[in-house]
Amino acid sequence: MNMNTTMSESYRFTGQTGRIHDCGIDFLMFIAVLLVVNSHLDIMYPGRLKFLATGGIFGDALFFFCSGYKLFLKKPGRFDNWYKRRVVRVYPSIVVWDVMVAIIFSLPFSILNLFDGWRPNGYWFVKCIMFHYIGIYLIQKYMINQLKLMIFAVFAGVFVWWLTAYSPEFANAMLSAPKFQWYYMFIFTLAGAILRKHSHIKFRLWMAMLFSFSMFCYYGFLKCVDLFPIITPLRVLVILPMFGVIYGFFLISRSDAVTKLMNTKGGAVLKFCGALCLEVYISHDVLLTGEYNHLFPLNIIVYFFLVFLLAYIVRCVTRCLVQTFNLDKPYDYGAILGRE
């Protein structure tokens, strides 16, 4: 299969917006949302199955990976206009959701809530990706030919940070430590940018084996650290199999099976759900409850349906709000309700 054939099968073009959609990346966005939400469902799984509420770290990494990949689909223009589009995509949804939560649950509303929400860790991923945008813009604008060098530099920075900031407490919370998490997640944003040039790669069986092996190494290494605390100083190495897992996900997304799936009606549903990633991320925890666990697994199915419905409502209200402040154009209800 030549590159031109692969490109025609793997990409869809939207005629009115001119946007390019990669079927595999659409698939990965859905997987990212699925993993992040599932990782918070321990309260909804029966006791013996709570271990299934995992994978959130991979969902986060996939989200940043896909962001880096998509940002390199087009050349950046002037920074202020380029960054404004990112702000307009992200923050109106946050404002809409925070106001909705304040009204529905009678929570006190403040400007600070617009940036951190009411969750313990705030909207850490939003602040993180807004910093990543700046880094990606500078790299794409001025260091486009040094992408591999940049990712090695970030890897080196991770290990230097680890050595200088190490403590047992930091080691145990490493994967979610504030600021450090923002930094090492940039590895995956850069990886998405690099692999954009390899979108035509052909899936092979060894790629699935690499994915499985990386997943085994990730969980196996963390388990070893729990069993043998003496190797805790080496815990930072878990980022290596984590990188292998994300790379494995990307390789799987290049398979014919994924391409065929994403070009079906079912694939259209997955793409639609993946496109709601921001709204799902900021709103899903408000629906968490253990009251219906006796209905398992129906409680999980209904929960996911309600989460995506709520996210869709947030997105529709947000698009309506954004269009309201655009004085030059009339309302486009097709765009508000679903058309990109």
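Relevant structure appears above.
Conventions we followed
Residues numbered from 1 in each chain as written. Predicted model: local features only at pLDDT ≥ 70, side-chain atom pairs only at ≥ 80, totals over all residues. Heavy atoms only, no water. Helix = DSSP H or I, 4+ residues; strand = E, 2+ residues; numbered from the N terminus. Buried < 20%, exposed > 50% of the residue type's maximum accessible area, 1.4 Å probe, protein only. Salt bridge = Lys/Arg side-chain N within 4 Å of Asp/Glu carboxyl O. Contact = heavy atoms within 4.5 Å. Axes fitted to C-alpha atoms, helices over the stretch in contact; angles between N-to-C directions. Parallel < 35°, antiparallel > 145°, perpendicular 65-115°, else oblique. Left-handed = near helix turned anticlockwise from the far one by under 90°. Expected span 1.5 Å × (residues − 1). Patch = residues over 30% accessible without salt bridge, like charges linked within 9 Å, V, L, I, M, F, W, Y side chains within 5 Å. Areas by Shrake-Rupley, 256 points an atom, 1.4 Å probe, with all protein chains shown as cover. Phe/Tyr/Trp six-rings, centres within 6.5 Å; stacked < 30°, edge-to-face > 60°. Nonpolar A, V, L, I, M, F, W, Y, C, P; charged D, E, K, R; others polar.

Engineer: When you look at the overall build of the protein in this model, what are you seeing that I'm missing?
Structural biologist: Secondary structure assignment for the protein yields 17 helices and two strands. Burial status across the protein gives 48% buried among its 340 residues.

Engineer: Looking at this structure, how should I read the pattern of salt bridges?
Structural biologist: Between side chains of opposite charge, a pair can form as their charged atoms come close. Inspection of the entire model under this criterion finds four salt bridges. Between D22 and R254 there is a salt bridge whose closest N-O contact spans 2.8 Å. Of this pair, D22 sits in strand 2 (residues 20–22) while R254 sits in the loop between helix 12 (239–253) and helix 13 (256–262), placing them 232 residues apart in sequence. Each member of the pair, D22 as well as R254, is classed as buried. Across the salt bridge formed by E279 and R89, the nearest N and O atoms sit 3.2 Å from each other. A residue pair is termed long-range when its members are at least 10 positions apart, and E279 in helix 15 (residues 277–283) and R89 in helix 4 (residues 79–104) qualify at 190 residues. Looking at E279, the relative accessible area reads 0%, which means it is buried. For R89, a relative accessible area of 37% corresponds to the partly exposed category.

Engineer: Sorry, what's going on with the environment of L195 here?
Structural biologist: Mapping L195 onto the fold places it in helix 10 (residues 186–195). On the basis of relative accessibility, which here comes to 12%, the residue L195 falls in the buried class. Once you skip the residues sitting within four places of it in the chain, L195 turns out to touch F65, Y69, Y247 and F250.

Engineer: What's the story with the packing of helix 3 (residues 56–71) against helix 10 in this structure? I'm lost.
Structural biologist: To describe two helices that pack against each other, one gives the angle between their axes and the distance between the axes. Two numbers describe how helix 3 lies on helix 10: the axes approach to 6 Å, and their chain directions differ by 40°. Between helix 3 and helix 10, the crossing angle belongs to the class labelled oblique. In this structure, helix 3 meets helix 10 at a crossing whose hand is right-handed. On helix 10, the residues touching A61, F64, F65, G68 and Y69 of helix 3 are F188, T189, A191, G192, A193 and L195.

Engineer: Whenever I open this one, helix 11 (residues 205–227) confuses me. Can you help?
Structural biologist: Owing to its 3.6 residues per turn, the α-helix brings residues three or four apart onto one side. In a regular helix each residue adds 1.5 Å, so 23 residues correspond to 33 Å; helix 11 covers 33 Å between its end C-alpha atoms and thus fits that length. Within the span of helix 11, buried status applies to M207, F211, S214, Y218, L222 and V225.

Engineer: What is the right way to look at a nonpolar patch on the surface in this model?
Structural biologist: A cluster of nonpolar side chains, contributed by Y292, L295, L298, I301, V302, F305, L306, L309, I313 and V317, occupies part of the molecular surface with about 890 Å² of accessible area. Among the structural elements, V317 can be located in helix 16 (residues 298–324). Judged by its relative accessible area of 39%, V317 falls in the partly exposed class.

Engineer: I would appreciate a short explanation of the packing of aromatic side chains in the present structure.
Structural biologist: Each aromatic ring pair is specified by the distance between its two centres and by the angle formed by the two planes. Enumeration according to the criterion identifies 31 aromatic pairs in this entry. With 6.2 Å between their ring centres and 85° between their planes, W124 and F125 make a pair best called edge-to-face. Of the two residues examined, W124 and F125, each falls in the buried class. Ring centres of W162 and F170 lie 5.6 Å apart, and the angle between their planes is 45°; this geometry places the pair in the tilted category.

Engineer: When you look at the packing of helix 2 (residues 23–38) against helix 16 in this model, what are you seeing that I'm missing?
Structural biologist: Across the interface, helix 2 lies against helix 16 with an axial gap of 12 Å and an inter-helix angle of 120°. Compared by their axis directions, helix 2 and helix 16 come out oblique. The crossing of helix 2 and helix 16 is right-handed. The residues of helix 16 that touch helix 2, namely those facing V33, L34, V37 and N38, are Y303, F304 and F308. Among the residues forming the contact of helix 2 with helix 16, the class breakdown is six nonpolar, one polar and no charged.

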